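Here is how the chains run, residue by residue.
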Amino acid sequence: MFRHTALRYAALGLLASAAVFQAFTADYFGLEILTEILILAMLVLALDMVAGFGGMVSLGHGALMGVGAYGYALLSTMGGLAPPVAMVGAVLVSGAAAWVIGAICARSHGIYFIMATLAFGQMAYSYVFEAPIFGGDDGLGGIVRPDLGAVGMDLNDSRTFVLFCLAALALVYAAAVVILQSGLGRSMTGVMHNEQRMRALGLTVWRVKADVFGLSGMIAGLSGVLAAQHILYISPGLLSWTVSGEALVVVILGGLGTLVGPLVGAAAFVVLKHEISALTTYWHLVVGVILIAVVMSRANGIFGWIEARSAQWGARRSADPLHISQTEEARSDA
Amino acid sequence: MAIDLGFWTLQALNALQLSMLLFLLSIGLTVIFGLMHFVNLAHGALYALGAYFAAWLAAYGGFWLAFLLAPVAVAGVGVLLYSGLIKRMRKSGPMAQVLVTFGLIFALLDLTRIFWGDLPQVLDAPAMLDGRLAFFGIEYPTYRVFIIVLGLVVLAALAFVLGRTQIGAMIRAGVDNDAMAACLGINVEKLFFVVFCVGCALAGLAGAVAAPLLSVTPEMGLQILIPTLIVIVIGGLGSLKGAIAGSLIYGVVQTFGAVLAPQLASVLIYALLAAVLVIKPTGLFPAKG
Amino acid sequence: MLETRNLDKRFGAVHVTRDVSIKLERGERRVILGPNGAGKTTLFNQLVGELTPDKGSVHLAGVDVTDLPVAKRTRQGLSRSYQKNTLFDGLTVAENLGLAAAIHTSNATRIWSDSLARPEVQEIVQDVANQVQVLPYLQARVSEISYGVRRQLEVGVALATRPKVLLMDEPTSGVGPEMAKGFHRLLNDLPRDLTVLIIEHDMDLAFDVADTITVLNYGEVVFDGQPEAARGSKLLKEIYLGSWEDA
């Protein structure tokens, strides 16, 4: 079950201050990268909620992000809704879609769950690709950002937009923590540890899975809304399964089931991508090798490794059993 | 009416040809999973590798050399993968295995680009298979007939090996219960190794025979991966019967869907997969109850 | 309180439950005896709904629950413990009990509030921890406590759903004689109106706590009655002790 440790607070503090510092000092290119990180961070947060704390490894979250993006684009342009209303609408639509997917896939486990979510994601992808209302291969343009002139903010300024995304991510993180520590979140973690027993204790397991998957889908949808507002243009590629795959890679690189780790992973991933792309066009090879190395090393990603190390160090220093149990928690939560 | 019948026969053949190609890919993947509980997402990348090897070898010795050697070359890559990575991942959970093979997809994708560049490679069908065959009042490309026949031959051979030979019995025992099989004195590790390599060879074979139909690009592995996974999940992991059923279902739904309901064609197969998973969460013919 | 009528179940050629009809009154303590493979656990699985019987019905407090899923039966007051510990290994003892108590108090699906911090959940956790004597270990993880304590927690998790009928599958399996005695006390301290059905291998414990005894052999009820009658029964000795010696 999720707990904030001193280390997690410290990492959060570092990440937040780095983001705020960058938001105020970076040049245009830096701001673009930061926005990319923040949006990816929100998506992987959503994925870690279900995969790291519920054992529901989803390859459909990229598509849910796409539902949010297309939902916002359609509601705000063709639907004629005010951007804030369209945002809420898009988040609700992706949440509802995720709830249905979660409910249907609740009986599947392991590789079958992965495949089932993949199927739903691809279904959405194909549909968006084919249906004329979504602009097909050409995608949709003409997307606008919300007008926050009333509070003296201009979101068309990239610095302001970064701060907007940062605020949204902070809110979403807080919400994710509350959900994971709520009755629902704890029940889901119980299901991940022992589904049979939770059922035997009287829990309607599929409802819990669907509810959390739906909440996670709302977060993924919001990340899609922000992505649409960021690029102001969307294409079906957003829903492709490789987006989900990449998100899963980021969660693993960061540390599954640590919530903070995936944020670290998102930052590392985007920065690495830009740094390596500048050096070589074979950026996928580097990511592939890093991914294989991380998984083979058996560490739970970057942050999981740091947690295990600091716990070891603490244990050696004080021989205090509490610290050992923290490592075990990190492992068992994963 | 005669034209109609010819049209449907043509579609049926198209469906069968697609099914056979998918069968070659999915059978390796599904038996590897059944035996080792290992989902090799890089299976599609091995297929792409087969196509590349074939295009490359054909430049030296023509199609038939490529046809024979590309599967061997891919099996060789399989040997490297098995001893370098997969053997060590045997004890890890499915999640770790999915991710390692996901990393492999990335790595192999760029490796093919490094060796062969970004331009699509071309492999021509041999002259003797280049024409069209006329039967039942229709004409059909000889090469596609060749793929159908090849698929059926491989199917028959595998059915024979799995059903009638000792190694087949060992594989079936291993799929059923690998711990028990090990107790019976079967060298399970060696069995895994052989099956893995044969699976790789079949993926390479599929890539080699698919190459003349498509242009050979690094992405072809990614494009075929999803259909292959759909086939084995619909059919049920680990079984020959499942791979056959899944391939046929996919081929028919895809081909006839495109003709009968073009707007829905692409969504149809995913909807079917979702339906199967809801009704039978472990596929139609799982190897184990 | 709990009743089966002509329960029947086959696995292929094996007849695991043959026409089993038993009836427990409210507050009754009944022990099920029988050799390995007699169908005791299979019977439990049908009682709680983890297995569907081929024929016959299960009634809880007079209501036919045969078609109810596991979770619903539990919410109607039927709870079980397992022969093989079925705990939440990565979590603490308090969390193990809390998850169960949260479901019972309808806190398990709240989105905004922490179920384990609710006073009604905490009350059950403390109460049950006291009952099964795991109070000192509340903050320890399951992986850190001994096997015997895990056995006690196994029963505790079942109790934390505040059942009307408690099914215990070999609570003393694998624990030493000292600890088995602890289970006697635990059983005798349970509220008198709680109906308890226990699968037990330990004859002493069985005769000590049982109001009634049911003996199963090859899925069939071969004895049903008072412990005193069972003690003298030659049939029981043959079936039970015979296989005991074999094992």
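Since we're looking at a predicted model, the values are computed, not measured.

This paragraph deals with the overall build of chain A. Along chain A, the regular secondary structure elements total 14 helices and zero strands. Going residue by residue from the N terminus, the α and β elements of chain A occur as α-α-α-α-α-α-α-α-α-α-α-α-α-α. Relative to its length of 334 residues, chain A is compact, with a C-alpha radius of gyration of 20 Å against a globular reference of 20 Å. Seen along its three principal axes, the alpha-carbon backbone of chain A occupies a region of about 60 × 50 × 45 Å. Look at the contacts in chain A between residues 6 or more apart in sequence, and 76% of them connect residues 24 or more apart.

Moving on: the overall build of chain C. Check the secondary structure of chain C and you find nine helices and 11 strands. Its C-alpha atoms give chain C a radius of gyration of 18 Å, within 12% of the compact-globule value 18 Å for 247 residues. Taking the principal axes of its C-alpha atoms as reference, chain C extends roughly 55 × 40 × 35 Å. Here chain C holds 247 residues, and 47% of them are scored as buried.

The interface of chain A with chain B comprises 32 residues on the first partner and 33 residues on the second. Every element with two or more residues in the side of chain A that touches chain B is listed here: α5 (110-130), α10 (241-254) and α12 (283-296) of chain A. Here the side of chain A that touches chain B gets 14 residues from one element, more than from any other, and that element is α5 of chain A. Per-class residue counts for the side of chain A that touches chain B are 23 nonpolar, seven polar and two charged.

The next subject is the environment of Pro 35 of chain C. All names here are of chain C. Its place among the elements puts Pro 35 in the loop between β4 (29-33) and α1 (40-48). In this structure Pro 35 comes out as partly exposed when scored by C-beta crowding, with 19 C-beta atoms within 10 Å. The sequence separation of Pro 35 and Asn 217 amounts to 182 residues, and the corresponding C-alpha distance is 6.9 Å.

Contacts between the two partners involve 30 residues from chain C and, on the opposite side, 27 residues from chain A. If you list the elements that add at least two residues to the side of chain C that touches chain A, you get α2 (70-75) and α3 (93-104) of chain C. In terms of residue count, the dominant contributor to the side of chain C that touches chain A is α3 of chain C (six residues).

The subject of this paragraph is the pairing of β4 of chain C. Two faces make up the sheet, and in a regular strand the side chains alternate between them. All names here are of chain C. Most of β4 sits inside the fold, with five of its five residues counted as buried. Residues of β4 alternate between two faces, with Arg 29, Val 31 and Leu 33 on one and Arg 30 and Ile 32 on the opposite face, all of them buried. Bridge count for β4 against strand β9 (residues 195-199) is four bridges, and the pairing is parallel. Looking across to β9, one finds that Arg 30 is bridged to Leu 197. With four bridges joining them, β4 and strand β10 (residues 212-217) adopt parallel strand pairing. In the sheet register, Ile 32 faces β10, and the bridge partner there is Thr 214.

Below, the discussion takes up the packing of helix α8 (residues 220-235) of chain B against helix α10 (residues 265-279) of chain B. Residues and elements named next belong to chain B. Two elements in contact, α8 and α10, have axes whose closest approach is 9 Å; the angle formed by their N-to-C orientations is 30°. Considering their axes alone, α8 and α10 lie roughly parallel with respect to each other. The way α8 lies across α10 gives a crossing that is left-handed. Every residue of α10 that contacts α8 at Ile 230, Val 233 and Ile 234 is listed here: Ile 269, Leu 273 and Val 276.

This next bit is on the nonpolar core. Ranked by size, the top nonpolar core spans 287 residues in total, and within it Met 42 and Leu 45 of chain A together with Ala 51, Ala 54 and Val 74 of chain B carry the most contacts. Examining the composition of this core, we find that 22 residues originate from one element, helix α2 (residues 43-89) of chain B, more than from any other. Counting only domains with at least three residues in this core, you end up with domain 1 (1-77 + 163-247) and domain 2 (85-162) of chain C. Setting aside chain neighbours within four positions, we find Leu 45 of chain A in contact with Val 172, Tyr 173, Ala 176, Ile 219, Leu 259, Pro 262 and Leu 263 of chain A.

Right, let's get into the pairing of strand β11 (residues 220-225) of chain C. Residues and elements named next belong to chain C. Of the pairings in the sheet, the one linking β10 to β11 comprises five bridges and is antiparallel in character. Opposite Ile 213, over in β11, you have Gly 225 as the bridge partner. Counted along the chain from β10 to the antiparallel partner β11, the turn is two residues long, and its residue Tyr 218 has a positive phi close to 45°.

The next thing to look at is the domain arrangement of chain C. All names here are of chain C. Domain assignment breaks chain C into domain 1 (1-77 + 163-247) and domain 2 (85-162). Inter-centroid distance (C-alpha atoms) of domain 1 to domain 2 is 25 Å. Listed by contribution, the elements that provide at least two residues to the side of domain 1 that touches domain 2 are β8 (165-169) and α6 (177-189). The leading source of residues in the side of domain 1 that touches domain 2 is α6, at four residues. Here the side of domain 1 that touches domain 2 is built from residues that sort into seven nonpolar, three polar and one charged.

Residues and elements named next belong to chain A. Between its terminal C-alpha atoms helix α6 (residues 158-180) stretches 32 Å, which fits the 33 Å expected from 23 residues at 1.5 Å a residue. Residues of α6 that are buried include every one of Phe 161, Val 162, Phe 164, Cys 165, Leu 166, Leu 169, Tyr 173, Ala 176, Ile 179 and Leu 180, and no others. Tucked into the core, α6 has its buried residues touching α1 (6-25), α2 (28-54), α7 (183-193) and α9 (205-231).

Now for α10 of chain A. Residue and element names in this part refer to chain A. Compared with the 20 Å implied by 1.5 Å per residue over 14 residues, the 20 Å span of α10 between its first and last C-alpha is a close match. Across the 14 residues of α10, 13 count as buried, placing the element largely inside the fold. Immediately beyond the C-terminal end of α10, within one or two residues, lies Gly 255, with a positive phi of roughly 135°.

Residue and element names in this part refer to chain B. Structurally, Ala 42 is set in the loop between α1 (2-36) and α2. Ala 42 gets classed as buried once you count the C-beta atoms within 10 Å, which come to 29. Taking the C-alpha atoms as reference, Ala 42 lies 33 Å from Leu 260; in sequence the two are 218 residues apart. For Ala 42, the residues in contact, after removing those within four places along its chain, are Thr 101, Leu 104, Ile 105 and Leu 108.

Before going further, it helps to spend a moment on the packing of α5 of chain A against α8 of chain B. Where α5 of chain A meets α8 of chain B, the closest approach of the two axes is 11 Å, and the angle between their N-to-C directions is 125°. Classified by the angle between their axes, α5 of chain A and α8 of chain B sit oblique to one another. Crossing of α5 of chain A against α8 of chain B: the hand is left-handed. Seen from α5 of chain A, the contacting residues are Tyr 112, Met 115, Ala 119 and Gln 122 of chain A; seen from α8 of chain B, they are Ile 226, Leu 229, Ile 230 and Val 233 of chain B. Classifying every residue of the contact of α5 of chain A with α8 of chain B by side-chain character gives seven nonpolar, one polar and no charged.

Parameters and conventions
Residues numbered from 1 in each chain as written. Chains lettered and ligands numbered in written order. Predicted model: local features only at pLDDT ≥ 70, side-chain atom pairs only at ≥ 80, totals over all residues. Helix = DSSP H or I, 4+ residues; strand = E, 2+ residues; numbered from the N terminus. Rg over C-alpha atoms; globule rule 2.2 N^0.38 Å. Contact = placed C-beta atoms within 7 Å. Buried ≥ 20, exposed ≤ 12 C-beta atoms within 10 Å, placed from the backbone. Nonpolar A, V, L, I, M, F, W, Y, C, P; charged D, E, K, R; others polar. Pairing = 2+ DSSP bridges. Axes fitted to C-alpha atoms, helices over the stretch in contact; angles between N-to-C directions. Parallel < 35°, antiparallel > 145°, perpendicular 65-115°, else oblique. Left-handed = near helix turned anticlockwise from the far one by under 90°. Core = buried A, V, L, I, M, F, W, Y, C linked by C-beta atoms within 7 Å. Domains from an automatic or database assignment. Expected span 1.5 Å × (residues − 1).

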